[in-house]
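Descriptive structure summary
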Amino acid sequence: MDHTTNTATALVDAGAALDPATAIAAAEAARTRLDFGRSARPAFRALIGFDAAAREGLDPALVELVQIRASHLNHCAYCLHMHTNDARTAGESEDRLHLAAVWREARHFYTEREQAALALTEALTLVADGGVPDDVYAEAAAHFDEPELAQVIALICAINTWNRIALATAKVAGTDERR
């Protein structure tokens, strides 16, 4: 490690004593993994296109809830920070944002349609744990027509891909390459 990396790492370790902007800058300076968008530009652009196509026609609040829940499950702080901020900007309530991780215990905060999408998000994100159960799929199919359901499935696949890229490349929560 060079002196700059050591200094940045020390600043990250002392993050609680720093203001958020300084802590984020220090964490970003200490980051040593590749920049996926620059290193795999064709794949990155294709994923941006897939993500945009997956969102098309879906309610923006639903889109953010799905992305937030998948990011919770994948422990992706970078995407969770980004999508909770996007949801706030779009007018989402703090209650719904805070309760998204435990939506089953707070169902009254979410529509039946949102609950169906959240359940499908969990099943597809954790697909290795038992596939997508028939009852979860049937509930989603009862709330979305076929084209919408396909969009929701595509959206879940897109955010899971973004989460995995962010985790593999150690993206720093609080940064946002879209800006």
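Residues numbered from 1 in each chain as written. Predicted model: local features only at pLDDT ≥ 70, side-chain atom pairs only at ≥ 80, totals over all residues. Heavy atoms only, no water.

Another aspect to go through is the environment of His75. When you line up the elements, His75 lands in the loop between helix 5 (60-73) and helix 6 (77-89). Looking at His75, the relative accessible area reads 67%, which means it is exposed. As a C-alpha pair, His75 and Arg164 span 89 residues in sequence and 9.8 Å in three-dimensional space. (Helix = DSSP H or I, 4+ residues; strand = E, 2+ residues; numbered from the N terminus. Buried < 20%, exposed > 50% of the residue type's maximum accessible area, 1.4 Å probe, protein only.)

The α-helix advances 3.6 residues per turn, and as a result positions three or four apart in sequence lie on the same side. Across its 14 residues, helix 5 extends 20 Å between first and last C-alpha, which sits within 8% of the 20 Å expected from 1.5 Å per residue. With 12 of 14 residues buried, helix 5 is to be regarded as a mostly interior element. Residues Leu62, Val63, Glu64, Leu65, Val66, Gln67, Ile68, Arg69, Ala70, Ser71, His72 and Leu73 constitute the buried set of helix 5. Buried residues in helix 5 make contact with helix 4 (41-55), helix 6, helix 7 (94-99), helix 8 (112-125) and helix 10 (146-168). At the C-terminal side of helix 5, His75 shows a positive phi close to 55°. (Expected span 1.5 Å × (residues − 1). Contact = heavy atoms within 4.5 Å.)

This paragraph deals with the side chain of Thr125. Following the sequence through the fold, Thr125 ends up in helix 8. A polar contact of 2.7 Å, which involves the side chain of Thr125, links it to the backbone oxygen of Thr121. Once you skip the residues sitting within four places of it in the chain, Thr125 turns out to touch Ala70, Leu73, Asn74, Ile156, Asn160 and Arg164. (Polar contact = N/O pair within 3.5 Å; in protein donor to acceptor, adjacent residues only side chain to side chain.)

Our focus in this paragraph is the pattern of salt bridges. What the rule picks out here adds up to nine salt bridges. As a salt-bridge pair, Asp35 and Arg38 come within 3.1 Å of each other at their nearest N and O atoms. We classify Asp35 as partly exposed; its relative accessible area is 29%. Residue Arg38 is classed as exposed on the basis of its relative accessible area of 59%. (Salt bridge = Lys/Arg side-chain N within 4 Å of Asp/Glu carboxyl O.)

Among the secondary structure elements, Ala158 is positioned in helix 10. In this structure Ala158 comes out as buried when scored by relative accessible area, which is 0%. Distance from Ala158 to Ile48, taken between C-alpha atoms, is 8.9 Å for residues 110 residues apart in sequence. When sequence neighbours within four positions are dropped, the list of residues in contact with Ala158 reads Phe50 and Asp51.

Once that is clear, we can look at the nonpolar core. Core analysis: the biggest nonpolar cluster contains 25 residues, and Leu62, Val66, Tyr110, Leu120, Phe144, Val152 and Leu155 have the highest contact counts within it. Contributions of two or more residues to this core are made by helix 5, helix 8, helix 9 (134-143) and helix 10. Residues within four places of Leu62 in sequence aside, it is in contact with Arg113, Glu114, Ala117, Phe144 and Val152. (Core = buried A, V, L, I, M, F, W, Y, C linked by side-chain atoms within 4.5 Å.)

A word on the side chain of Asn160. Counting through the fold element by element, Asn160 comes out in helix 10. Judged by its relative accessible area of 8%, Asn160 is buried. Polar contacts involving the side chain of Asn160 include one to the side chain of Asn74, which spans 2.8 Å. For Asn160, the side chain forms a polar contact with the side chain of Arg164, separated by 2.9 Å. The residues touching Asn160, leaving out its near neighbours within four places in the chain, are Ala70, Asn74 and Thr125.

By themselves these figures say nothing about function.
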